[in-house]
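# Residue-level structure breakdown
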Amino acid sequence: MKKRYLSSKIPFLLTLSLICWSSWAVAQGVRGRVMDAQSRTALPGVSVAVEGTNSGTTTDADGNFTLSLQPGSYTLRVSFIGYTTQTVAAQVSGTDFTTVNVALREETSSLSEVVVIGSRSTQTRTSTETVSPVDVIQSRDLLATGQVEPTQQLNFVAPSFNSSRQTIADGTDHIDPATLRGLGPDQVLVLLNGKRRHNQALININGTVGRGSVGTDLNAIPSAAIERIEVLRDGASSQYGSDAIAGVINLRLKERPGTTVNAQLGQQYEGDGEVAQIGVNHGFKLGQNGFLSLTGEFRHRGATNRAGTYNGPVYVNWNVNRATGETDAAYIARRQGLYNQDQALIQQNNFSLENNMQVGNSRVDNAGLFLNMRLLLGATTSFYASGGLNYRKGKAAGFYRYPFQTTQVITEIYPNGFLPNIESTINDQSLLIGVNGESNGWRWDISNVYGGNSFRYDITNTNNASQFALKASAPTEFYAGTLSFYQNTADASIAKDIGSQLGLKSFNVAAGLTYRNDQYRIKAGEEASYTNYDPASGRAGGAQVFPGYQPANAVNATRNMVGGYLDIETDLTEKLLVNTAARYEYYSDFGGNLAGKLAARYKFSDAFSLRGSISNGFRSPSLHQRYFSAISTVFVSTGQGLEPRQTGTFRNDSPIAQAFGVPELTAERSTNYSIGITSQPGRAVSITLDAYQINIRDRIIYSNQFARGTSAAGVIIGTILDQAGQQEVNAAQFFSNAINTQMRGIDVVVATSPRLGKGSIDLTLAANFNETKVVGDIQRPGALPNDAALGNFLFNRQDSARLTVGQPRSKIALTANYRLNKFGAVLRFTRFGEVQAFDPSNPRLDEFANPRLITDFSVSYRLQPTITLTLGANNIFDVYPDKLRMTQQPTPERFGSAVLDNSSYGRFVYGRSATQFGFNGGYYFLNVSASF
């Protein structure tokens, strides 16, 4: 019995023993609590990782964590989004847990952020220690602007960056032109995770900032995926390649584990322009020190409308010209009679004269998916990848077509006229893959990035007026064609610091090779979008507001580029840092170019350093500028009203361009000079001041219309067009290296983060002052005489103003970010300097927009350690730019030289071009962010 009893208990005793042994075996390790250093509240969802191992965990709802570890010495890495990462030593011994409590402090804004862009050295340097000025903008700073699009976020945190939404500018309504230091959108290079980002497919050919240029669509990148943005404000063609004349913008994607969610609802004070945005980012840990970060974001931006009351002809054109021999009294009486007929029909048909145009933001729906990852392949080798997909659907309007405009309106479809729409479908995709590592002290990197952008035009609520015979059955929607641009870039680089071998603190040598392939396409629209089915009728052919691309415009062009660079950075002494770089690139379509740079920083003391650089740069002509062409119908005011005319944009390599004597496009070349000081007079104060001059030669411009006419110049142009077989074309436009410019400016950034009572405050003052001027003679086409009239056809005073005074010549921003326990507040003052827009020929019609001060304010409350609620308003005082000054619109009694109307019969209240920050007024919003 006893033996049987014992034998029956043996399995139970063994099991109990194993449980007790297991409990003893794992009853050791580290446990503790993570709190907010200021409020002392628990922080759930904090990542606690054991460096050098695969062990890790996250804190629970009470901020507690437990890690089971074998006896030994460990280093814990404690990280949480929005807080400064800490490393903590922990010693595990015996059979019990070691307790480690951690208090995390919120990250603060300062100029002491470590900078990556502008240097290939492994030495860590802050923005006050670099040879060139760099802004480091964290995701929290972008979020604090209350904006949801990257271009607008940057516009309010980087004073040298400028982006203003455009209106009634065709495709440019859907992609915001963005500039740096007052130069063009194509003179700043955009990187994503340090690799070249592809350009957009759209070329800006309307009367906007950046006319004739091709930029990079920053809004195709979800703001929720961005960890930080680095803005290098110096010429960097020798370091990073073509386009970096004004500088470089590098967007770094998130890498941290955990989940962040940001959602915003808002609208303009006027009740339109509603915004709904939600972005979600989640980071996974992949093995030891690897990660996978996924982001999804959706943005809806409603249209805004700030059009004025229309007071021009609607059903009857009363703004007619004087007949031969007609007296003033008879002329006024005839106009008055037509006016009375028009007013009677307006009342009879209950036609609204208010807001029959859409002058404001286009409607845009934007959805994007992005990934960023790194995976260790060995002790010193990693595989990395990043990229994403972005889809955007836009809707913008053009000029209203009124019933009296019989050459443009089929009245059987639209008896009261119509407002045509341009509906865009923009697709953007990119994928970067690469492998990097270290061998025998050499750091190496091999990568390939492929990306592309397409822009499809669909025209709705419109007609092809030459199909008038179809009457009410004529089509009202047209596919007008697609633009696309794709780019593949392969890079290989090596670097090594041999400073110790030379007896120096550092001597970093870096070299690399690059191969790039560009492809640009134009696909024609459907036949009815561009065809004139009855030229003899005098009616306009093609879709109204945007005629489709014709088969003659279709193109599929490619080019290749190979290049190499050498970059050396060295601390020659403890005080003197020197950087030098050289790059050669050869393009298959126009040849080669060599760029170089020499920069240095001398540290007189911890409180003061002097830095400067001199470099030459270049920007290769884009394929868009080389191969874009289009034939469209424009309406010109004549003695008998509006007359349709065919206008052609001809390729730079076309026979007609050669007949005009337009030379083949070549690279824009620049020389950059900068000198600056940096100072850290106290632990919590940083100051940088940098002055610069940028000279650009052979700058590419998009010409005005070289039109036929009866003048001497017009006859010459007509002869060239006829000889080139373009008898149906009334005017021609080209891209040409035509001007030289000089830009001078100063950047100032002052930041401090003092304690304020029981709270803390980040104060930042950032400013940019710049001046651009056109220097030297305009390079006119060789086949035309060198006279003033033909010069205006190429580059007139309106074009000059767009480059020199079309963007703010100063921008000053003062930001205060205050935090106290669970409360926070952000107050920002942004002063935009004056902008101007000139009329091509009449100075009395020039537009001026005086400086304006915009105030943004928001308050936040941390509902829980992981959830923050923010209520705020941008442009809280509802400030608008100056209204148009010269609006002596035509009336029956006012005609001829008495008319000074730049408002288009009252439809434009504010300048279309001369605005610094748009004209939508105040915007209020509610934002919810969460981290866990």
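This text goes with the structure placed above it.
Residues numbered from 1 in each chain as written. Predicted model: local features only at pLDDT ≥ 70, side-chain atom pairs only at ≥ 80, totals over all residues. Heavy atoms only, no water.

## Examining the side chain of R539
With respect to the element layout, R539 can be found in the loop between β24 (506-524) and β25 (555-571). Put simply, R539 is tucked away with no salt bridge, and the nearest opposite charge, on E412, sits 6.6 Å away. In this structure the side chain of R539 is engaged in a polar contact, spanning 2.8 Å, whose partner is the backbone oxygen of T406. A polar atom in the side chain of R539 sits 3.5 Å from the backbone oxygen of V409. Not counting residues up to four positions away in its chain, the partners in contact with R539 are T406, T407, V409, A465, S466, F468 and N532. (Helix = DSSP H or I, 4+ residues; strand = E, 2+ residues; numbered from the N terminus. Buried < 20%, exposed > 50% of the residue type's maximum accessible area, 1.4 Å probe, protein only. Lys, Arg positive; Asp, Glu negative; His and termini not counted. Salt bridge = Lys/Arg side-chain N within 4 Å of Asp/Glu carboxyl O. Polar contact = N/O pair within 3.5 Å; in protein donor to acceptor, adjacent residues only side chain to side chain. Contact = heavy atoms within 4.5 Å.)

## Notes on the pattern of salt bridges
Side chains that differ in charge, positive against negative, can pair when their charged atoms come close. Taken as a whole and assessed by the stated rule, the structure comprises 41 salt bridges. The closest approach of N and O atoms between E149 and R301, which form a salt bridge, is 3.2 Å. Highlighted residues: E149 in the loop between α2 (139-143) and α3 (150-155) and R301 in strand β18 (residues 290-301), separated in sequence by 152 residues. Two residues, D186 and R619, come together in a salt bridge whose shortest N-O distance is 3.5 Å. A residue pair is termed long-range when its members are at least 10 positions apart, and D186 in the loop between β11 (178-180) and β12 (188-192) and R619 in strand β28 (residues 608-619) qualify at 433 residues.

## A short note on the sheet that holds strand β13 (residues 195-196)
As summarised here, the arrangement of the five strands in space is β9-β14-β15-β12-β13, forming an open sheet in which the pairing is mixed. Taken across any chain shown, the strands that pair with only one partner, and hence form the sheet edges, are β9 (134-138) and β13. Across five bridges, β9 lies against strand β14 (residues 226-232) in antiparallel orientation. Opposite Q138, over in β14, you have R228 as the bridge partner. (Pairing = 2+ DSSP bridges.)

## Here we look at helix α11 (residues 797-804)
Regarding α11, the residues found buried are D799, A801, R802 and T804. Capping the start of α11, N796 holds a side-chain oxygen 3.0 Å from the backbone nitrogen of Q798, two or three residues further along.

## A look at helix α9 (residues 712-723)
Between its terminal C-alpha atoms α9 stretches 17 Å, which fits the 16 Å expected from twelve residues at 1.5 Å a residue. Three or more residues of α9 are buried, namely A713, G714, I717, G718, I720 and L721. Burial along α9 is one-sided: seen end-on, the buried residues are contained in an arc of 165 degrees. The exposed residues of α9 that point more than 90 degrees off its buried face are A712 and Q723. Downstream of α9 by a residue or two, G725 has a phi angle that is positive, lying close to 80 degrees. (Expected span 1.5 Å × (residues − 1). Arc of directions from axis to C-beta.)

## Overview of the nonpolar core
Residues Y457, L483, Y520, F546, Y549 and F628 are the most contacted members of the largest nonpolar core, which totals 31 residues. Of all the secondary-structure elements, those providing two or more residues to this core are β21 (421-439), β22 (442-460), β23 (478-497), β24, β25, α7 (623-627) and β32 (685-702). Top element by residues in this core is β23. It accounts for four residues. The contact partners of F628, leaving out residues within four places of it in the chain, are I203, I205, Y520, I522, Y549, L623, T649, F650, R651 and F735. (Core = buried A, V, L, I, M, F, W, Y, C linked by side-chain atoms within 4.5 Å.)

## Topic: the pairing of β18
Sheet faces and side chains relate simply in a regular strand, where the side chains alternate between the two faces. As paired elements, strand β17 (residues 275-286) and β18 share twelve bridges and run antiparallel to each other. For N281, the partnering residue across the bridge sits in β18 and is T295. Taking the residues that link successive antiparallel strands as the turn, the β17-β18 hairpin has three residues, and the phi of G287 there is positive, at about 60 degrees. Two elements, β18 and strand β19 (residues 363-376), share eleven bridges in a ladder whose sense is antiparallel. What sits directly across from S293, in β19, is N372.

## Focus: the pairing of β32
The sheet contact formed by strand β31 (residues 668-682) and β32 spans twelve bridges and is antiparallel. Residue S679 lies in a different strand from β32, and its bridge partner there is I687. Summarising the sheet, β32 and strand β35 (residues 735-752) pair through 16 bridges and their orientation is antiparallel. Within β35, the residue paired with A691 across the bridge is I746.

## Remarks on the environment of F838
Structurally, F838 can be placed in the loop between β40 (835-837) and β41 (847-849). Remark: the alpha-carbon pair of F838 and S800, spanning 38 residues in sequence, is separated by 8.4 Å. With residues up to four places along the chain from it excluded, the contact list for F838 reads R797, Q798, A801 and D846.

## Overview of the sheet that holds strand β6 (residues 86-92)
Pairing is antiparallel in the open sheet, where four strands are placed in the order β3-β2-β5-β6. A single partner strand is all that each edge strand has here, and the edge strands are β3 (56-58) and β6. Ignoring which end each strand starts from, the neighbouring axes of this sheet average 25 degrees apart. Sheet topology places strand β5 (residues 72-79) next to β6; seven bridges connect them, and they run antiparallel. Directly across from T75, in β6, lies its bridge partner A89. (Axes fitted to C-alpha atoms, helices over the stretch in contact; angles between N-to-C directions.)

## Overview of a nonpolar patch on the surface
Residues Y602, F604, F608, L610, I675, I677, L689, I746 and F769 make up a contiguous nonpolar surface patch of about 730 Å² in total accessible area. Those elements that provide at least two residues to the nonpolar patch are β27 (591-605), β28 and β31. With respect to the element layout, Y602 can be found in strand β27. (Patch = residues over 30% accessible without salt bridge, like charges linked within 9 Å, V, L, I, M, F, W, Y side chains within 5 Å. Areas by Shrake-Rupley, 256 points an atom, 1.4 Å probe, with all protein chains shown as cover.)

## What to know about the side chain of H624
Tracing the sequence through the fold places H624 in helix α7. Residue classification places H624 among the buried positions, given a relative accessible area of 0%.

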